[in-house]
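Chain and residue survey
Residues per chain, in single letters:
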Amino acid sequence: MTEVQRIRKAINWLLYKGVAENDRELSEIMGYTKSSFSQIVNGRVPLSDKFAKKLCRLDENINEVWILTGEGEMFKNEPETNLNSENGVTIQKDVWAVLQQQAQSLASKDRQIDELMNLLKEQIAENKKAVARQEDNAASAAAV
């Protein structure tokens, strides 16, 4: 992995964690103009130790040696993650727990909606039968 790819990977991690909304905001947090930040991130300007240190200060778990040399792993300690086996996406455990809770809540609400829909269908069918009986009775009374 190239130096530029390592920087981009760390930046994407920081954006994912919500440190900043986008590159522009991240550049401001780090004290760089968008232009100088972009030049470093795109490899037009050599990566400095200062830039790597500032980047790593935003998440103490990012390995500065990995950023600068590619040696070791991106993280000093592997962040708590959970693998969603359906699509292979790695998601932090706390985020995964919230997503699962919301999914369960939505499934429960879906069941309630289905039950209400079935009740409404039954009531509509009963009303149609009642209207048909009234029409039959009215027709019979008119015939007499």
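For the structure itself, look to the data block above.
In this report, the structure presented in the accompanying data block is examined. Everything numeric in this text was worked out from a predicted model, so none of it was measured.

1. Observations concerning the overall build of the protein chain
The helix and strand inventory of the protein chain stands at six helices and two strands. Ordered by position from N to C terminus, the α and β elements of the protein chain give α-α-α-α-α-β-β-α. Every one of the 144 residues in the protein chain was classed for burial, and the buried ones make up 23%. Taking the contacts inside the protein chain whose residues are at least 6 apart along the sequence as the reference set, 36% of them involve residues at least 24 apart. For the protein chain, the exposed area adds up to about 10300 Å²; of that, 50% sits on carbon and sulfur atoms.

2. Description of the environment of Arg57
In this fold, Arg57 is placed in helix 4 (residues 49–57). The spacing of Arg57 and Met30 is 27 residues in sequence and 9.3 Å in space, taken between C-alpha atoms.

3. Concerning the packing of aromatic side chains
Here a ring pair, both rings aromatic, is described through the centre-centre distance and the interplanar angle of the planes. Counted by the stated rule, this structure contains four aromatic pairs. For the ring pair Trp13 and Phe75, a centre distance of 4.8 Å and an interplane angle of 70° mean the geometry is edge-to-face. Of the two residues, Trp13 sits in helix 1 (residues 3–17) while Phe75 sits in the loop between helix 5 (64–69) and strand 1 (81–84), which places them 62 residues apart along the sequence. With respect to burial, Trp13 and Phe75 carry one shared label: buried. Consider the rings of Phe37 and Phe51, whose centres lie 5.8 Å apart with planes at 50°: the pair is tilted. One end of the pair, Phe37, is in helix 3 (residues 34–41); the other, Phe51, is in helix 4, and 14 residues separate them in sequence. Exposure remark for Phe51: the relative accessible area of 0% places this residue in the buried category. An aromatic cluster of at least three residues, connected via ring pairs, comprises Trp13, Tyr16 and Phe75.

Criteria and thresholds
- Residues take numbers from 1 onward in each chain, read along the sequence in its written order.
- Only residues with pLDDT of 70 or above have their local features reported here, since the model is predicted, and side-chain atom pairs are shown and tallied only from 80 upward, although totals for entire chains, interfaces and linings are computed over all residues.
- Side-chain measures were taken over the full set of non-hydrogen atoms in the model, leaving aside hydrogen atoms and water.
- For the purposes of this entry, the term helix denotes a DSSP run of H or I that reaches at least four residues, the term strand denotes a run of E that reaches at least two, and both are numbered from the N terminus.
- Think of it in three bands: with a 1.4 Å probe and only protein chains considered, a residue is buried below 20% of the maximum accessible area for its type, exposed above 50%, and partly exposed in between.
- Here a residue-residue contact requires only that any non-hydrogen atoms of the pair lie within 4.5 Å.
- Methods summary: accessible areas were calculated by the Shrake-Rupley approach with a probe of 1.4 Å, and residue burial reflects only the protein chains presented.
- Between 30 and 60 degrees the pair is tilted, below 30 it is stacked and above 60 it is edge-to-face, where a pair is any two Phe, Tyr or Trp rings, Trp via its six-membered ring, whose centres lie within 6.5 Å.

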